[in-house]
Amino acid sequence: MSTGTKHANASESSSRPAKRVRVDDTAEQSEKATEAVAALTDDDSEEDEDGDVAGGVSQSEASKASDLYLDTINRAVLDFDFEKVCSVSLSNINIYGCLACGKYFQGRGRNSYAFAHAIHDDHHVFINLETTKVYVLPDGYLVSDPSLEDIAFVLSPTFTSASTAKLSSPTHLQKPSYDLSNSPYTPGYIGLNNIKRNDYLNVVIHSLLHVPPLRNHLLLSSYRGKETELLKRFGGLAKKLWNPRLFKSQVSPHEFLQEVNRASAGKFSLEKQGDPVEFLGWLLNRLHKDMGGSKKKNSSVIFSTFQGEVRMETQQVLVRPDTGADERPRFDIDRELKSTISPFLFLAVDLPPPPLFQDSVEKNIIPQVSIQSVLAKYDGQKTQESVGQLRRFKCQRLPPYIILHFKRFTKNQFVEEKNPTIVNFPLRGLDFREYLDASPSQPGVVYDLIANVTHESAAGTTHDKESTVWKVHLRAGAGGGENEKWFQIQDLIVEEIRKEMIVLGETILQIWERRADTPSPANGMDIDRS
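Basis of the calculations
- Residues numbered from 1 in each chain as written.
- Predicted model: local features only at pLDDT ≥ 70, side-chain atom pairs only at ≥ 80, totals over all residues.
- Heavy atoms only, no water.
- Pairing = 2+ DSSP bridges.
- Helix = DSSP H or I, 4+ residues; strand = E, 2+ residues; numbered from the N terminus.
- Axes fitted to C-alpha atoms, helices over the stretch in contact; angles between N-to-C directions.
- Contact = heavy atoms within 4.5 Å.
- Parallel < 35°, antiparallel > 145°, perpendicular 65-115°, else oblique.
- Left-handed = near helix turned anticlockwise from the far one by under 90°.
- Nonpolar A, V, L, I, M, F, W, Y, C, P; charged D, E, K, R; others polar.

I'm lost on the sheet that holds strand E2 (residues 104–106) in this one. Help?
Within a beta sheet, neighbouring strands are joined by backbone hydrogen bonds and run either parallel or antiparallel to one another. Taken together, 5 strands build an open sheet; the order of strands is E2-E1-E3-E4-E5 and the sheet is antiparallel. The sheet terminates laterally at E2 and strand E5 (141–143), the two strands that pair on one side only. Pairwise comparison of adjacent strand axes, ignoring direction, gives a mean angle of 40° for this sheet. By the bridge criterion, 3 bridges tie strand E4 (residues 134–136) to E5 in an arrangement that is antiparallel. Looking across to E5, one finds that Val 136 is bridged to Tyr 141. Against the sheet, helix H4 (residues 113–121) touches strand E1 (95–98), E2 and strand E3 (125–128), its axis set at about 125° to E2.

Please explain the packing of helix H8 (residues 199–208) against helix H12 (residues 276–290) as it appears in this structure.
When two helices pack together, their arrangement is given by the angle between their axes and by how far apart the axes lie. Packing of H8 against H12 brings their axes to within 9 Å, and their N-to-C directions diverge by 50°. By the criterion of interaxial angle, the relationship of H8 to H12 is oblique. When the axes of H8 and H12 are compared, the crossing they make is right-handed. On H12, the residues touching Tyr 200, Leu 201, Val 203, Val 204 and Leu 208 of H8 are Pro 276, Phe 279, Leu 280, Leu 283 and Leu 284. Split into classes, the residues belonging to the contact of H8 with H12 amount to 10 nonpolar, no polar and no charged.

Before we go on, may I ask you to explain the packing of helix H10 (residues 229–241) against H12 in this structure?
For the pair H10 and H12, interaxial distance at closest approach is 9 Å and the crossing angle is 110°. The orientation of H10 with respect to H12, classified from their angle, is roughly perpendicular. Side by side, H10 and H12 meet where Leu 230, Leu 231 and Phe 234 of the first sit next to Trp 282, Leu 283, Arg 286, Leu 287 and Asp 290 of the second. Split by residue class, the contact of H10 with H12 holds 6 nonpolar, no polar and 2 charged.

This is the structure we're talking about:
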């Protein structure tokens, strides 16, 4: 053997212990660091070893070993709806889910909680909740198996433009999906868990996630950058709601509502009843801001979908001596008239006050009113008096989707009262031309109903009682014709409802969809024809 060869061998043998020393030094340093940093450091070092599996295990041996552990996966206990925080440290950094018991743990290095759980509980298969990669612990090698694809899809569903286009078509209803218990369900029309008293939040979530432009924007999004946590979680909730491969046919909005509670500084809580209209206004403006929107038109999908413009004319009330006692103040064209145009995200309509007294014959009669009579507020002629001023309204521009808020609750110094008046409305073909300040030939003023939120209370008159119930009616598919389907959803209860029953509830919110450019009917109503 030559001298050069000896020196080469000697140098190789001397270099190997040096590598082992550096690994040991790293381990000693990681023990001195915090547990969270240690877990992250171990994970980063082991990521580089995935190519030739950690611990000196060959790729063929790793695949054989992983096959032994895959039968320990229990899909029935997997629930990715809750906040992704470690069950021990409550940290949200680098979280892994145990596929045997469903618990969340931080990290997968030797000093991590997932590593300890694998040893103590003999649970070996873990999934990274951010990357959806699956690892076997304590060995630490990556598992790549086609049988795990369904778990990754439930954790992080993906959609395409072609798949989202079918969600609003009748074909979406013809092929139901099935959960683990082989129960059929229709994606998008599933229950949202009422964790405590968040049903007033659930109805707003359902309504917004059935507006096609907003729904498709969220389903096709991939929020991995600097987007706000609220926007990321709302997009994640949309994907879960429309997921065709769920393990259970219900979704818990817990993760999103926890962020709502934080972002609203506790105003909208899971533990107490609230007003869905206030939540809707807050959520729309917050989503618009988080999507990078500004005060300009169409600066976000929120403004391009829901924003319209209304003109308000005001004039000071002037009392004349020749005015009769029963004569209401009216606009005087000879005096100054102030006109302002303001944007809106939803239109508020007033209900006529219910009668104070009813005789013995009419005591069970519930007052009713047509939707055209309450929308007359925006015809530019009907006047309202407020704080010594007369006001009248006329829409200048209507959005593709109109949100109507029926002001059913009124407050005074002593009590909050609810107006029980029933509003009669068509499900299809509501003509808004009379309320739009535009030429009569302008197309696109006929709207069809897609969502309807109602309120029920068994006792009391306010909307914050424990006995209060919020329900939402959702149109399935594109609607139209005799076969049009509607679903009524109250928390986890999802049932098909007859179209005739929808108008009987005490409506609070409605979302109307603008129909494609078609001539409007002569009477402004076309209930069942598309």
